[in-house]
Amino acid sequence: MTTDLTVTAYFIYIPIALVLTWFVARNLFKNGLVYMRDIFNGREEIAVSTNQLFKTGFYLLNVGFALWILKMYQLENTQEMIEALSQKIGGFSVYLGIVLFLNLFMFFRGKKAARQNREAAERRARMTPSAE
Amino acid sequence: MNLNILAYGLYFGITAFIILRIGWLFYHFGAVYLHDLYPNRPDLANSLNSILLIGYYLLNLGYVALNLSSWPQLQSYAHLLALLTSKIGFICLALGAIHFANMLWVRLLKKENTINTNL
């Protein structure tokens, strides 16, 4: 009975965690492309590839973490299974949320640096003719 | 019927409804503020809005689910009701506090932005 419940819990946990990761990655990087285009000044190719590389890394990290924390102990009845499952899925979801906001923060940083570079270049361009 | 399982179902159903509904409201009405923050970049405002919505759902629903694992064994319906209402009340309070903090934040960002563009 106990092993059956544990296996059932694993089979509920794995699809939910994977679908959650897929959903978050898809939405985050669909919206992140806007930032990437900004950061790379509209150079489409490099923006798309950087976005794709970050997406791959995001999948690796989060799927890895989801599977790493899979192990559940001592499931005696349905109530304990629900508690263990909600703890795992809730914890994973909070973790995903934190990673999502870290990514967003990274996008902000990149955008700010790109803007400062652009402004510095404009200033240099304005300085050069007046110096001649 | 196990009282705990009943309580978990009620708790998750009610809080999920509140969180989903409020998230949608914020997404809908908050868009105006984000468009105000980035006046000539509607694409940026929209993508930021969607990322914020997903982050909000993940953190809040995740917290609610995480909270389920630490309930005591329920003995009676009175116990169930008392615990259920206090837990849901706490979630509502926390959401309200976060909401006002966010509104303050939006205002500060707007102020900073107008200073930056005036320079």
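So, how was this worked out
- Residues numbered from 1 in each chain as written.
- Chains lettered and ligands numbered in written order.
- Predicted model: local features only at pLDDT ≥ 70, side-chain atom pairs only at ≥ 80, totals over all residues.
- Heavy atoms only, no water.
- Helix = DSSP H or I, 4+ residues; strand = E, 2+ residues; numbered from the N terminus.
- Expected span 1.5 Å × (residues − 1).
- Buried < 20%, exposed > 50% of the residue type's maximum accessible area, 1.4 Å probe, protein only.
- Contact = heavy atoms within 4.5 Å.
- Buried area = accessible area lost by both parts, 1.4 Å probe.
- Salt bridge = Lys/Arg side-chain N within 4 Å of Asp/Glu carboxyl O.
- Polar contact = N/O pair within 3.5 Å; in protein donor to acceptor, adjacent residues only side chain to side chain.
- Axes fitted to C-alpha atoms, helices over the stretch in contact; angles between N-to-C directions.
- Parallel < 35°, antiparallel > 145°, perpendicular 65-115°, else oblique.
- Left-handed = near helix turned anticlockwise from the far one by under 90°.
- Nonpolar A, V, L, I, M, F, W, Y, C, P; charged D, E, K, R; others polar.

What follows deals with helix α2 (residues 44-68) of chain A. An ideal rise of 1.5 Å per residue puts 36 Å on 25 residues; α2(A) measures up with 36 Å between its terminal C-alpha atoms. The complete set of buried residues in α2(A) reads A47(A), T50(A), N51(A), F58(A), N62(A) and A66(A).

Turning our eyes to something else, we now look at the environment of L83(B). Structurally, L83(B) can be placed in helix α3 (residues 77-118). In the structure, L83(B) is positioned 76 residues away from A7(B) in sequence and 8.9 Å away in space, judged by C-alpha atoms.

Take the interface of chain A and chain B next. With 26 residues of chain A at the interface, the matching set in chain B holds 25 residues. Between chain A and chain B, the buried area comes to about 2300 Å², and carbon and sulfur atoms account for 74% of it. Across the contact surface, chain A and chain B share one salt bridge. Taken together, the connections running from chain A to chain B amount to six residue pairs in polar contact (both at pLDDT 80 or more). Where the side of chain A that touches chain B is concerned, the elements lending two or more residues are α1 (2-39) and α3 (78-131) of chain A. With 18 residues, α3(A) is the single largest residue contributor to the side of chain A that touches chain B.

All names here are of chain B. Where helix α1 (residues 3-37) meets helix α2 (residues 42-68), the closest approach of the two axes is 10 Å, and the angle between their N-to-C directions is 160 degrees. The pairing of α1 with α2 is recorded here as roughly antiparallel in orientation. Like other packed secondary-structure pairs, α1 and α2 cross with a definite hand, here right-handed. Taken together, the residues of the contact of α1 with α2 sort by class into 22 nonpolar, eight polar and no charged.

In a structure, side chains of opposite charge can pair up when their charged atoms sit close to one another. Residues and elements named next belong to chain A. Counted under the stated rule, the structure contains five salt bridges over all chains. As a salt-bridge pair, K111 and D38 come within 3.8 Å of each other at their nearest N and O atoms. Taken as a pair, K111 in helix α3 and D38 in helix α1 lie far apart in primary sequence, 73 residues in all. For the pair shown, K111 and D38 are each scored as buried. Classification of D38 by relative accessible area gives buried; the value is 13%.

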